[in-house]
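# Understanding the architecture of this molecule
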There are 2 protein chains.
Amino acid sequence: MKPQLLVAAVQQPCNADRKTNLDYSIAKIHEAAAGKADLVVLPELHLGPYFCQNEDFQHFALSQPIPGPSTELLSAAAKQAGVVVVATIFERRAPGLYHNTAVVFDKDGGIAGKYRKMHIPDDPGFYEKYYFTPGDLGFKPVNTSIGKLGVLICWDQWFPEAARLMALSGADMLIYPTAIGWDPQDGEDEQQRQLEAWVTCQRAHAVANGIPVIACNRVGFEQAPDSDKGIQFWGNSFIAGPQGEIICRANAVDDTWLSAPLDLARSERVRQIWPFLRDRRIDEYGGLCRRFIDAD
Amino acid sequence: MKPQLLVAAVQQPCNADRKTNLDYSIAKIHEAAAGKADLVVLPELHLGPYFCQNEDFQHFALSQPIPGPSTELLSAAAKQAGVVVVATIFERRAPGLYHNTAVVFDKDGGIAGKYRKMHIPDDPGFYEKYYFTPGDLGFKPVNTSIGKLGVLICWDQWFPEAARLMALSGADMLIYPTAIGWDPQDGEDEQQRQLEAWVTCQRAHAVANGIPVIACNRVGFEQAPDSDKGIQFWGNSFIAGPQGEIICRANAVDDTWLSAPLDLARSERVRQIWPFLRDRRIDEYGGLCRRFIDAD
């Protein structure tokens, strides 16, 4: 494992033309690799528009097996560029059984492992429970040539439990491919609170666990297919160090990629200054496995 | 329970003269109550200098039973002012058995409940494991006339588990009496990272749990008794709403008190927008009760 890594996040728009999106992703993989990146993270479900804005069984046709046609192309790109790649696929696991799945390709192009999104949202405009069965692979980092990658996906980012479990399983960093944005009908104040909360929560995972965080979001407005609504994906992809400090952060609109050097040896030094893992009261955490703890 | 509360945090310096400190605390309780506060939070161990900068058995003489002389005065102040008060006492529970304990006084002056600090730090300048037995009351909010108070103490603020367990037990807000500061020998960059991490982590507890957070710290430089070191307590007490948004925040030096209105009905609306409690994967959180999850 190299102690010093260069990691990159691709903040991309996702259009109706799926080939364009994949070509874009692959072009950025090569660009980042040419810039000496060891790792390239792509946004959640970057092959197309965010199709969960409505519930339409025709969208199941977008699903693919893993390995499958898209992973083959991404695998070839990872191998050719010689970088580790994190992509997210609408996985068709069996007829009628689908997941929102991150696939990690190692530098040799092989699939190092995958993560099936564990926390599935369902809210107006984000009807994911219709499409995705909650993951059953647990919170296990993917072992790669550059370290153990704690890959989680979007909605997972609001759950400190997920980050902690990845850290306890040895993750060297947390990685959040994401598709999150504003409801344009919300006021500016509400929009800013939501964005700030999203950044704050993920930075806090870095702090609480003493490891870096990479958050990779898409950009652009996507119209809902069957209403006057839509989502303004808010970008703001960022890379934070093990004290939660922002190393670099994109704005809300640019299609861009950003990169940052990560010194993994620093994570252990930070954990020595802030030895949270030492002091967890595991004898008193049983209630975390309960839905709610009623007073009676 | 009033849907709209005014809550206050007292950011105070703590001197060697213990009577001065208690008088200051009580004066601020009355000031805040005169300003219509329903709740006044005092910093951690506000009766004196932060005595854990060294390990000295003579400091055990500072401990007191609960109820005891200081809680009697605070109880009278809470009753006279008609506010709920959160204070922190070096508790002498039995000969040779001590805790770092928050005491909650209701508006009638009665002790509504207490919380014994569960996560105990031990780092250069913060030798708390020498003085305090880890708490054994669990993470249970204290029921008061103004709601269920999720009182935690200082080092607890770095542990999302503690915040979550309080929320799962029905806490209406999280309250962190604190004594945290900078090592003046650290560089400005490191100092800023630490302060930012502290604010970020607590704001994230508000976000992840959809409830407000009150963080109350002391101010002032306190020299270590037996070295050339000391702690510059960094103030920055703040009150954040259920989306983690800062409502008010003090600076790093002023002895002051700050207050904010909290609309507890808003917490439920926020939880309806961001239904994290709905989606927790309690079937997969068992590992949170483990120290580390080794790969083999």
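These lines cover the structure that appears in this document, whether it is placed above or below. Because the structure is predicted, anything quoted here is derived from the model rather than measured.

### Observations regarding the pattern of salt bridges
- One pass over the full model with this rule turns up 36 salt bridges over all chains.
- Of the charged contacts, one joins R280 of chain B and E161 of chain A as a salt bridge, the two residues approaching to 2.9 Å between their closest N and O atoms. Of the two residues, R280 of chain B sits in the segment after helix 7 (276-279) while E161 of chain A sits in helix 4 (residues 160-168), which places them in two different chains.
- What you see here is one network of salt bridges that share partners, running through E91, R93, R116 and D136 of chain A.

### Some remarks on the packing of helix 5 (residues 188-209) of chain A against helix 5 (residues 188-209) of chain B
- Relative orientation of the contacting elements helix 5 of chain A and helix 5 of chain B amounts to 115°, with a least axis distance of 8 Å. Crossing of helix 5 of chain A over helix 5 of chain B shows left-handed handedness. Counted together, E196, A197, T200, C201, R203, A204 and V207 of chain A of helix 5 of chain A and E196, A197, T200, C201, R203, A204 and V207 of chain B of helix 5 of chain B form the full contact between these two elements.
- Taken together, the residues that form the contact of helix 5 of chain A with helix 5 of chain B break down as eight nonpolar, two polar and four charged.

### Remarks on the side chain of R280 of chain B
- We classify R280 of chain B as buried; its relative accessible area is 2%.
- Side-chain polar atoms of R280 of chain B contact the backbone oxygen of R290 of chain A, separated by 3.0 Å.
- Among all residues touching R280 of chain B, those that are not within four sequence positions of it are H119, F159, E161, L288, R290 and R291 of chain A together with R164, L168 and Y285 of chain B.

### A word on the relation of the copies chain A and chain B
- Once chain A has been moved 0.0 Å along the axis and rotated by 180°, it coincides with chain B to within an RMSD of 0.0 Å. The relationship between the two copies is best expressed as a two-fold rotation axis.
- Both copies contact each other with a shared surface, as 100% of the interface residues of chain A are interface residues in chain B too.

### Some thoughts on the interface of chain A and chain B
- In this assembly, 58 residues from chain A lie in contact with 58 residues from chain B.
- Summed over both sides, the interface of chain A with chain B buries roughly 5400 Å², with 60% coming from carbon and sulfur.
- When residues of chain A are sorted by the area they lose upon contact with chain B, R281, L288 and R291 of chain A head the list and together hold 12% of the total.
- One can count eight salt bridges joining chain A with chain B.
- Between K129 of chain B and D279 of chain A there is a salt bridge whose closest N-O contact spans 2.7 Å.
- Taken together, the elements giving at least two residues each to the side of chain A that touches chain B come down to helix 4, helix 5, helix 6 (264-273) and helix 7 (276-279) of chain A.
- Top element by residues in the side of chain A that touches chain B is helix 5 of chain A. It accounts for 11 residues.
- Split into classes, the residues belonging to the side of chain A that touches chain B amount to 29 nonpolar, 10 polar and 19 charged.

### Topic: the packing of aromatic side chains
- Inspection of every chain in the model, using the stated rule, returns 48 aromatic pairs over all chains.
- Between F60 of chain A and F90 of chain A, the ring centres sit 6.2 Å apart and the planes meet at 40°, which makes this aromatic pair tilted. Placement of F60 of chain A in the loop between strand 2 (39-41) and helix 2 (69-81) and of F90 of chain A in strand 3 (residues 84-94) is noted, with a sequence separation of 30 residues between them.
- When the ring of Y131 of chain B is compared with that of F132 of chain B, the centres are 6.2 Å apart and the planes differ by 50°; the resulting orientation is tilted.

### Regarding the sheet that holds strand 2 (residues 39-41) of chain B
Residue and element names in this part refer to chain B.
- One open sheet accounts for six strands, arranged 5-4-3-2-1-15; its pairing is mixed. Across the chains shown, the open sheet's two edge strands, defined by having one partner strand only, are strand 5 (111-116) and strand 15 (256-263). For this sheet, the mean inter-axis angle between neighbouring strands, taken without regard to orientation, is 30°.
- Inspection of the sheet shows strand 1 (residues 4-11) paired to strand 15 by eight bridges, in the antiparallel sense.

### A look at the packing of helix 4 (residues 160-168) of chain B against helix 5 of chain B
All names here are of chain B.
- Relative to each other, helix 4 and helix 5 sit at 40°, their axes nearing to 10 Å. For the pair helix 4 and helix 5, the sense of crossing is right-handed. Along the contact surface, helix 4 presents P160, A163, R164 and A167, while helix 5 presents H205, A208 and N209.
- Classifying every residue of the contact of helix 4 with helix 5 gives four nonpolar, two polar and one charged.

### Let's talk about the pairing of strand 5 of chain B
Residue and element names in this part refer to chain B.
- Two strands pair when backbone bridges link them, and strand 4 (residues 97-105) and strand 5 are joined in this way by five bridges, in the antiparallel orientation. Considered in strand 5, the bridge of F105 is made with I111.
- Where strand 4 folds back onto strand 5 in an antiparallel hairpin, the turn is made up of five residues, including G109, whose phi is positive at roughly 90°.

What counts and how
Residues numbered from 1 in each chain as written. Chains lettered and ligands numbered in written order. Predicted model: local features only at pLDDT ≥ 70, side-chain atom pairs only at ≥ 80, totals over all residues. Heavy atoms only, no water. Salt bridge = Lys/Arg side-chain N within 4 Å of Asp/Glu carboxyl O. Helix = DSSP H or I, 4+ residues; strand = E, 2+ residues; numbered from the N terminus. Axes fitted to C-alpha atoms, helices over the stretch in contact; angles between N-to-C directions. Left-handed = near helix turned anticlockwise from the far one by under 90°. Contact = heavy atoms within 4.5 Å. Nonpolar A, V, L, I, M, F, W, Y, C, P; charged D, E, K, R; others polar. Buried < 20%, exposed > 50% of the residue type's maximum accessible area, 1.4 Å probe, protein only. Polar contact = N/O pair within 3.5 Å; in protein donor to acceptor, adjacent residues only side chain to side chain. Least-squares fit on C-alpha atoms with pLDDT ≥ 70 in both. Buried area = accessible area lost by both parts, 1.4 Å probe. Phe/Tyr/Trp six-rings, centres within 6.5 Å; stacked < 30°, edge-to-face > 60°. Pairing = 2+ DSSP bridges.

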